[in-house]
Number of protein chains: 2
Amino acid sequence: MSRKNRTDVVAAASVMFAEQGFHGTSMRDLAKKLGLMGSSLYSHVVSKDELLVDVVREASSRFQTLADEVATMPGTAIQRLSRLVHGHLQILVKDPHQARTFLNETRFLPEPERDTAVAMFDRYQRAYRDVLSSGCNSGEFRSDLDVHLAANLVLSLLNGTQRWFNADGALSVESLASEVHRLLTLGLNPDPEANAA
Amino acid sequence: MSRKNRTDVVAAASVMFAEQGFHGTSMRDLAKKLGLMGSSLYSHVVSKDELLVDVVREASSRFQTLADEVATMPGTAIQRLSRLVHGHLQILVKDPHQARTFLNETRFLPEPERDTAVAMFDRYQRAYRDVLSSGCNSGEFRSDLDVHLAANLVLSLLNGTQRWFNADGALSVESLASEVHRLLTLGLNPDPEANAA
DNA sequence: ATAACACAAACGAACGTTCGTTTGTATAAT
DNA sequence: ATTATACAAACGAACGTTCGTTTGTGTTAT
């Protein structure tokens, strides 16, 4: 029952927005989780919308950092794709509530923050397109690949994991990421190199 | 401005629940979309929850039908997986609002309907595990495949498409499904058979 | 060391509004 | 004539938020 600061409130909001949804969470619900009265939240925050803005901003910034890293990263397309896969899944697992709020509740942001978030994610997706397209040119990926489509599919695969992956389970994030990367590059079929060996 | 029946109300609800979320949609919002007063909805429906139950039930039943078809389907694992991919994406595209409501709003169902829906989806997922595991035994898929993990990944990939696929765009559902199937089986890497030819 | 002050955090009550829903009555279709 | 549909009016509860005030917690002046 200690005194709370703004960070505590935003953190609790990310948990409740992820689990109950933005519109399914009332300020009194949120306050109760913090051991406060509803009105007390307004010592830390000016509106409910602002809480959502804060959570989404934090998540956006993490993805942005990853995109920037990969944009200047040396190495093959396969290596850079691997970094995107591992990095993206790390972000999802490190703070699953923040990530789920970002993925599922961004649409409830007020303007112009919503537009900003959408634009940020577009730019993030560009990192995937760039890596895929360079892989096509280098011969690491199929040359007839629809890069835009493939980027959407890769991100669908990555983002979908937040619905079922449990960080406390037997499978580690690194193993998950490796499996995802293997599925993306080689598919489900028997590894031809393994057959050759 | 014609008179509405229950089907009209449920259909409008599936649209609004998909776009605004269950908790973001008020009965008055929904009525306005139908050209009615809020109270008039209760001539067709006993509660707001009932609307969500109806939408989710319809979607569940479609997925169930697909799972049953594939369970008794002859053919190779690859052919059966292809049917799951095409069928699943067909369902998502045929009624995207119903599908999105099913995928995103099922968590807001009252009990016991929520449990029922979760159990139904578990059973649906079993169809994927069965196909994947038979493919491992037949040598169509890698024998070291983690079937449970792979089923989750395949479904993540499929369900993620509802966030970005536009049925009115240049890409048809069939082409999308074929691309997804190709990605799943062969991955991004250059097709070894194409190289051999 | 203590008293005076400043400020952030929390309170409890109340604001106006919207929520899901109920009731009673009118209108349109069968 | 009966039934299904729609209405306007109203219900209590909950919503996000504001208000005036109190409590805690350091900082400065004495």
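Residues numbered from 1 in each chain as written. Chains lettered and ligands numbered in written order. Predicted model: local features only at pLDDT ≥ 70, side-chain atom pairs only at ≥ 80, totals over all residues. Heavy atoms only, no water.

(A) Broad picture of the relation of the copies chain A and chain B. Mapping chain A onto chain B is achieved by rotating through 180° and translating by 0.0 Å along the same axis, at an RMSD of 0.0 Å. Here the copies are linked by what is in effect a two-fold axis. Take the interface residues of chain A: 100% of them recur as interface residues in chain B, which is what a same-surface contact looks like. (Least-squares fit on C-alpha atoms with pLDDT ≥ 70 in both. Contact = heavy atoms within 4.5 Å.)

(B) Representation of the pattern of salt bridges. Residues and elements named next belong to chain A. Counted by the stated rule, this structure contains 18 salt bridges over all chains. Across the salt bridge formed by Asp 54 and Arg 6, the nearest N and O atoms sit 3.2 Å from each other. A residue pair is termed long-range when its members are at least 10 positions apart, and Asp 54 in helix α3 (residues 48-71) and Arg 6 in helix α1 (residues 6-20) qualify at 48 residues. Relative accessible area serves as the criterion here: at 18%, Asp 54 is assigned to the buried category. By relative accessible area, which is 32% here, Arg 6 ends up partly exposed. (Salt bridge = Lys/Arg side-chain N within 4 Å of Asp/Glu carboxyl O. Helix = DSSP H or I, 4+ residues; strand = E, 2+ residues; numbered from the N terminus. Buried < 20%, exposed > 50% of the residue type's maximum accessible area, 1.4 Å probe, protein only.)

(C) Geometry of the protein's contact with DNA strand C. In the vicinity of DNA strand C, 20 residues are found, and the nearest of them are A:Arg3, A:Lys4, A:Met37, A:Ser39 and A:His44. The protein-proximal atoms of DNA strand C, defined as those within 4 Å of the protein, are 56% sugar or phosphate. Within the backbone of B:Met27, a nitrogen or oxygen atom sits 2.8 Å from a phosphate oxygen of DNA strand C. A distance of 2.7 Å separates a phosphate oxygen of DNA strand C from a polar side-chain atom of B:Lys48. (Near = heavy atom within 4 Å. Polar contact = N/O pair within 3.5 Å; in protein donor to acceptor, adjacent residues only side chain to side chain.)

(D) Inspection of the interface of chain A and chain B at higher detail. Contacts between the two partners involve 43 residues from chain A and, on the opposite side, 44 residues from chain B. In total, chain A and chain B occlude about 3,600 Å² of area from one another, counting both sides; carbon and sulfur atoms represent 58% of this. Area buried by chain A at its contact with chain B is led by A:Arg142, A:Leu153 and A:Leu188, which between them contribute 22% of it. At the surface where chain A touches chain B, the tally comes to six salt bridges. For the salt bridge of A:Arg182 with B:Asp144, the shortest nitrogen-to-oxygen distance reads 3.2 Å. (Buried area = accessible area lost by both parts, 1.4 Å probe.)

(E) Looking closely at the protein's contact with DNA strand D. Taken together, 19 residues sit near DNA strand D, with A:Tyr42, A:Lys48, B:Arg3, B:Lys4 and B:His44 positioned nearest. Across the atoms of DNA strand D situated within 4 Å of the protein, the share located in sugar and phosphate is 59%. Here a phosphate oxygen of DNA strand D sits 2.8 Å away from a polar atom, N or O, in the side chain of B:Ser40. Note that a base nitrogen of DNA strand D is positioned 3.0 Å from one of the side-chain N or O atoms of B:Ser43. Along the lines of polarity and charge, the residues of the surface near DNA strand D split into four nonpolar, nine polar and six charged. (Nonpolar A, V, L, I, M, F, W, Y, C, P; charged D, E, K, R; others polar.)

(F) Fine view of unusual backbone geometry. That bond from A:Glu111 to A:Pro112 is cis: its omega, 10°, falls within 30 degrees of zero. Take A:Pro112: it is sitting in the loop between α5 (96-105) and α6 (113-138).

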